[in-house]
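For reference, the chains in residue letters:
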Amino acid sequence: MAVTKPDNYHEEQNKQNILKMRAVLDTLPDFCRLFFRGIEQYTSARTRLAYAYDIRVFFEYLHERNSVCAKMEIRDYPLSILDHITRVDIEEYLEYISYYEKDGKEFTNDERGKSRKLASLRSFYNYYFENEMIGKNPAALVPMPKRHEKEIIRLEPNEVAMLLDQVEDGTKLTKKELEYHKKTKLRDVAILTLLLGTGIRVSECVGIDLQDINFDEGGIKIRRKGGYETIIYFGDEVETALLDYLEEREHIIPAEGHENALFLSLQNRRMAVRSVENLVKKYASRVTTLKKITPHKLRSTYGTNLYRETGDIYLVADVLGHKDVNTTRKHYAAQEDERRRRAAKAVHLREKD
């Protein structure tokens, strides 16, 4: 009997999301399957899974708080139950998810979390309403929560230098951490330099295979959110860090099924997203700064630097993989305002005496 090796990272992640999706569907009313089949052609498995989690929270709320819904099990809800849900029910649900407990755990949602859950409900209701399966669409009547955009946090050049210095020399690590550092130093430098030098997401970083790197072109093929592939380009510092690590990588024997992975764990398996997040957290905790350094802050740092250098918001959106340039513009509004202020002082109408 032939043994099938795992597919590449992205295919394997997709399979895992499909399996998780099936498990969640088994806890939802049967009519939900119509919705998920209906959106399958234009959504990723990851997106559908996120929808499923959000919709399950909604039904669990109804089962706990709605007197009609409490009389039957969630899986037995008929499609007609959607017509009994009002705009007030949904507004009360959004208020409820600000803070709730489940299985001994506490859950909170800010404006961003509420907006996502309401967006999931809108898509859910809209599918049945447009297909004339229900008579009203209360989710469409509920306004999106007003989101207060947080100021973008980025690292200054000296903070970037301190972080990379710490990854290279590990002076502030514990004795035990230094033992691991001897084995992972070149890998860790390559990862941090790549994140800071390209602005890619951690999920994109861990998904890189050896054959995705083209040093002749100075580019790496990555898989973006949504599943499409693109090429991102890197500079000399990233190239040096990658080449140093790859020289070491050649002497590592990967675990079966992980031969193509660029970044390997100490178990010689493809690194996971959580592992890279913990790696960044470990080194960042040794850097003297008031900022909480996360992988996303590294991405923001790159985006800010690119915008400062080019002034091209469309280029920044493209390089960061934002589908809508307005998303980028919203995040970098402060920098745009700063540029406009400088522009006001750049033009002189008359020479000063």
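Heads up: the structure comes first, above all this text.
All values derive from a computational prediction rather than experimental measurement.

Scoring rules and cut-offs
- Within each chain, residues carry numbers counting from 1 in the order of the written sequence.
- Local features are withheld for residues below a pLDDT of 70 in this predicted model, meaning they are given only at 70 or higher, and side-chain atom pairs are given and counted only at 80 or more; totals for whole chains, interfaces and linings count all residues.
- The side-chain values count all of the structure's non-hydrogen atoms but skip hydrogen atoms and water molecules.
- Grouping buried Ala, Val, Leu, Ile, Met, Phe, Trp, Tyr and Cys residues that are joined through side-chain atoms within 4.5 Å yields what is termed a nonpolar core.
- Here's how the labels work: a residue is buried when its accessible area is under 20% of the maximum for its type, exposed when over 50%, partly exposed in between, all with a 1.4 Å probe on protein chains only.
- Numbering of helices and strands starts at the N terminus; helices are DSSP runs of H or I of at least 4 residues and strands are runs of E of at least 2.
- Two residues form a contact once any of their heavy atoms are found within 4.5 Å.
- Within 3.5 Å is the distance limit for a polar contact, defined as a pair of N or O atoms, with the added protein rule that one can donate a hydrogen and the other accept it, and that residues adjacent in sequence qualify only through two side-chain atoms.
- Strand pairing follows a simple DSSP-based rule, namely that at least 2 bridges must link the two strands.
- We place a 1 Å grid over just the protein atoms. Points where a 1.4 Å probe fits but has no way out form a cavity, open points with protein on both sides within 12 Å along at least 5 of 7 lines form a pocket, and any residue with an atom within 4 Å of a point lines it.
- Grid points are joined across faces, edges and corners, and a volume is the space filled by probe spheres set on the points.
- For this classification, Asp, Glu, Lys and Arg are treated as charged, while Ala, Val, Leu, Ile, Met, Phe, Trp, Tyr, Cys and Pro are nonpolar and the rest, including Gly, are polar.
- By definition here, a helix of n residues has an expected span of 1.5 Å times n minus one.
- Two axes define the bend at a residue: one fitted to the seven residues ending there, one fitted to the seven starting there, and the bend is the angle between them.
- In this analysis, rings of Phe, Tyr and Trp, with Trp reduced to its six-membered ring, are considered paired at centre separations within 6.5 Å, and the interplanar angle assigns stacked below 30 degrees, edge-to-face beyond 60, and tilted for intermediate values.

1. Side note on the nonpolar core
Then, in step 1: Membership of the largest hydrophobic core comes to 41 residues, with the highest contact counts inside it found for Ile-191, Ile-220, Phe-263 and Leu-298.
Then, in step 2: Listing elements by their share of this core, those giving two or more residues are α6 (157–169), α7 (175–198), α8 (202–206), β4 (219–223), α9 (236–249) and α10 (273–284).
Then, in step 3: Here this core takes 7 residues from α7, the largest share from any one element.
Then, in step 4: Excluding its chain neighbours within four sequence positions, the residues that come into contact with Leu-298 are Leu-155, Leu-163, Leu-192, Leu-195, Leu-196, Val-280 and Ile-293.
Then, in step 5: Grouped together as the second largest cluster of nonpolar side chains are 40 residues, Val-24, Tyr-51, Leu-82 and Tyr-127 included.

2. So, the side chain of Arg-187
Then, in step 1: Its place among the elements puts Arg-187 in helix α7.
Then, in step 2: Polar side-chain contacts of Arg-187 include one of 3.0 Å to the backbone oxygen of Leu-264.
Then, in step 3: With residues near it in sequence (within four places) discarded, Arg-187 still touches Tyr-245, Glu-248, Phe-263, Leu-264, Ser-265, Leu-266, Met-271 and Leu-279.

3. With respect to the sheet that holds β4
Then, in step 1: Strand order in the open sheet formed by 3 strands is β3-β4-β5, with antiparallel pairing between adjacent strands. Sheet topology places β3 (213–214) and β5 (229–233) at the edges, where each strand pairs with a single neighbour.
Then, in step 2: Where β4 meets β5, 5 bridges bridge the pair, whose relative direction is antiparallel. Each residue of the ladder has a partner; that of Ile-220, found in β5, is Ile-232.

4. Brief notes about the layout of surface pockets
Then, in step 1: In this structure, the second largest pocket spans a volume of roughly 480 Å³.
Then, in step 2: Lining the second largest pocket are 19 residues; nearest its centre among them are Leu-164, Thr-193, Leu-196, Glu-237 and Val-238.
Then, in step 3: When contributions to the lining of the second largest pocket are tallied by element, the ones reaching two or more residues are α6, α7, α9 and α11 (295–310).
Then, in step 4: For the lining of the second largest pocket, the element with the most residues is α7, which contributes 6 residues.
Then, in step 5: Considering only residue class, the lining of the second largest pocket consists of 9 nonpolar, 6 polar and 4 charged.

5. As for the pairing of β4
Then, in step 1: Inspection of the sheet shows β3 paired to β4 by 2 bridges, in the antiparallel sense. The residue of β4 that forms the bridge with Asn-214 is Gly-219.
Then, in step 2: In textbook terms, the turn of a hairpin is the stretch between consecutive antiparallel strands, and for β3 and β4 this stretch comprises 4 residues, one of which, Gly-218, has a positive phi near 70°.
Then, in step 3: In sequence, β4 turns back onto β5 through a hairpin of 5 residues, with Gly-226 there showing a positive phi of about 100°.

6. So, α7
Then, in step 1: Taking 1.5 Å of rise per residue, the 24 residues of α7 would be expected to cover 34 Å, and the 32 Å separating its terminal C-alpha atoms lies within 8% of that figure.
Then, in step 2: Bending of α7 peaks at approximately 70° at the position of Thr-184.
Then, in step 3: Positive phi appears at Gly-199, one or two residues downstream of α7, with a value of about 75°.

7. What about unusual backbone geometry?
Then, in step 1: Positive phi, close to 50°, is recorded for Asp-103, a residue that is not glycine.
Then, in step 2: With respect to the helices, strands and loops of the structure, Asp-103 is situated in the loop between β1 (99–102) and β2 (105–108).
Then, in step 3: A residue is classified by how much of its surface remains accessible, and Asp-103, at 72% relative accessible area, is exposed.
Then, in step 4: With phi around 65°, Asn-268 is a residue other than glycine that occupies positive phi space.
Then, in step 5: Assignment of secondary structure puts Asn-268 in the loop between α9 and α10.
Then, in step 6: For Asn-268, a relative accessible area of 25% gives the class partly exposed.

8. Things to note about the environment of Tyr-180
Then, in step 1: Structurally, the position occupied by Tyr-180 is in helix α7.
Then, in step 2: Classification of Tyr-180 as partly exposed rests on a relative accessible area of 39%.
Then, in step 3: Spatially, the C-alpha atom of Tyr-180 lies 8.6 Å from that of Leu-266, the residues being 86 residues apart in sequence.

9. Description of the environment of His-322
Then, in step 1: Its location among the elements puts His-322 in the loop between α12 (313–320) and α13 (325–331).
Then, in step 2: According to the relative accessible area criterion, His-322 is buried, its value standing at 19%.
Then, in step 3: Taking the C-alpha atoms as reference, His-322 lies 9.5 Å from Arg-224; in sequence the two are 98 residues apart.

10. Remarks on the packing of aromatic side chains
Then, in step 1: Per the counting criterion, the structure on display carries 20 aromatic pairs.
Then, in step 2: Ring geometry for Phe-58 and Phe-59: centres 5.8 Å apart, planes at 50°, overall tilted.

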